[in-house]
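Working through the structure, step by step
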Amino acid sequence: MNAKLIALAVVALVAADTRSALGWACIRVNPRNPGSRCIYWPNGAVTLKSFLGAPARGPLLNGTRTWDENTILAASEWNAQNAKVRIQVQVGGSFFDPCGRQGPNHACDNTGPAGDNPVLFANDFCGRDFGDIIELTNNCYRPDTGTMVNAPVFVNARVRWNAYDGPIRFDVSTGVPEPVYDIRRVLLHEIGHVLGLAHPDEATPPQTVVAIMNSRVSNIDRLQPDDIAGLQAIYPPEPGPPQPTPSQGCQMVTGAAPPGWPAFVFAIALIIARLSRKQQSARYRAR
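Residues numbered from 1 in each chain as written. Predicted model: local features only at pLDDT ≥ 70, side-chain atom pairs only at ≥ 80, totals over all residues. Heavy atoms only, no water.

**Things to note about the overall build of the protein chain**
Looking only at helices and strands, the protein chain features three helices and 16 strands. The burial tally for the protein chain puts 57% of its 287 residues in the buried class. Put simply, 68% of the contacts in the protein chain that link residues at least 6 apart link residues at least 24 apart. If you sum the accessible surface of the protein chain, you get close to 12200 Å²; carbon and sulfur atoms cover 53% of it. (Helix = DSSP H or I, 4+ residues; strand = E, 2+ residues; numbered from the N terminus. Buried < 20%, exposed > 50% of the residue type's maximum accessible area, 1.4 Å probe, protein only. Contact = heavy atoms within 4.5 Å. Areas by Shrake-Rupley, 256 points an atom, 1.4 Å probe, with all protein chains shown as cover.)

And the structure:
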């Protein structure tokens, strides 16, 4: 089937699961059906290619010397959670520009070839201004099976980055506090989207849980029980196909599908909230 789809703004469409205290959320094959399958990697394996490189000056605050090391650290934290999925991070390699219309070299609009999952700095999202977005994951998947095709991660090169643990840091050298984002925790959040997770606090009704996958960048810098529960529901440790139970679906951002690849593309963006001197978090939002 050759599906022609149009890019749309993503609005979270989440169904709360009243049977569980955990409120994890996933990207659903049918965003309006909370019982539909979460999208997933069919062989329980995904390879990310990190092209982030190294900062211009010295080691980062957490002791790492490259941005790519933080991609590896974030992936390793997900890998340690006893789920039936494994993330491999390749630093560098052949680069295929993910930007472009769906066709032979792009599984969906702005996702690149099937199986290619780059993590890259970019000044915009394929010609569209980032605005207040700090990172964006573009998931491409087959609507008939829910199997993921690829999921590039775009990192906004125009915001301030470092790598550190603990509370969010601010640069006050100009007299106006500006956030300096911890790239490891933000990549931890984004890799959750690569795996098929979404924002539990954007459920209907909203789920009040502590999670790295919540829609706000916060002082949380490690995976929480809710994040792990979502991961293990999509990729259960025991044998068997993914059979998720709680939470969400999200509206899709879509592109045209070439023959043999009926696919949807789902973009999740990280949004910077306006920050005042008292404000201690930035906002993630599906878009």
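**A short note on the pattern of salt bridges**
As enumerated under the stated definition, the model contains eight salt bridges in all. Of the charged contacts in the structure, one is a salt bridge between arginine 222 and aspartate 165, with a shortest N-O distance of 3.3 Å. Here the residue arginine 222 occupies a position in the loop between β13 (216-217) and α3 (225-234), and aspartate 165 occupies one in the loop between β9 (161-162) and β10 (169-171), the gap between them amounting to 57 residues. Under the relative-accessibility criterion, arginine 222 is labelled partly exposed at 32%. Among the residues examined, aspartate 165 registers a relative accessible area of 41% and is labelled partly exposed. Each member of the salt-bridge network shares a partner with another, and the members are Asp165, Asp221 and Arg222. (Salt bridge = Lys/Arg side-chain N within 4 Å of Asp/Glu carboxyl O.)

**Focus: helix α1 (residues 67-79)**
Since one α-helical turn is 3.6 residues long, residues separated by three or four positions face the same way. If you check α1, its first and last C-alpha atoms are 19 Å apart, about what 13 residues at 1.5 Å a residue would give, namely 18 Å. Within α1 the residues assigned to the buried category are Trp67, Asp68, Asn70, Thr71, Ala74, Ala75, Glu77, Trp78 and Asn79. (Expected span 1.5 Å × (residues − 1).)

**Let's talk about the sheet that holds strand β11 (residues 178-182)**
Spatial strand order, β9-β11-β10: three strands in an open sheet with mixed pairing. The strands lining the two open edges of the sheet, one partner per strand, are β9 and β10. The pairing of β10 with β11 spans three bridges and is classified as antiparallel. Along β11, the bridge assignment pairs arginine 169 with valine 180. Along the sheet, helix α2 (residues 183-194) contacts β9 and β11; its crossing angle with β11, the most-contacted strand, is approximately 65 degrees. (Pairing = 2+ DSSP bridges. Axes fitted to C-alpha atoms, helices over the stretch in contact; angles between N-to-C directions.)

**What to know about the nonpolar core**
In this structure, Trp78, Trp161, Leu195 and Tyr235 are the most contacted members of the largest nonpolar core, which totals 52 residues. Counting eight residues, the second largest nonpolar core, distinct from the first, contains Ala122, Ile133, Leu136 and Phe154. (Core = buried A, V, L, I, M, F, W, Y, C linked by side-chain atoms within 4.5 Å.)

**Examining the side chain of aspartate 116**
Its place among the elements puts aspartate 116 in the loop between β4 (86-91) and β5 (118-122). A polar side-chain atom of aspartate 116 sits 2.8 Å from a polar atom in the side chain of lysine 49. Setting aside its immediate chain neighbours within four residues, aspartate 116 contacts Lys49, Phe96, Thr111, Asn150 and Ala151. (Polar contact = N/O pair within 3.5 Å; in protein donor to acceptor, adjacent residues only side chain to side chain.)

**Points about unusual backbone geometry**
Of note, the phi angle at asparagine 82 is positive, near 55 degrees, even though the residue is not glycine. The residue asparagine 82 is located in the loop between α1 and β4 in this model. Here the phi dihedral of cysteine 126 falls at roughly 55 degrees; this positive angle occurs in a residue that is not glycine. Here cysteine 126 is to be found in the loop between β5 and β6 (133-141).

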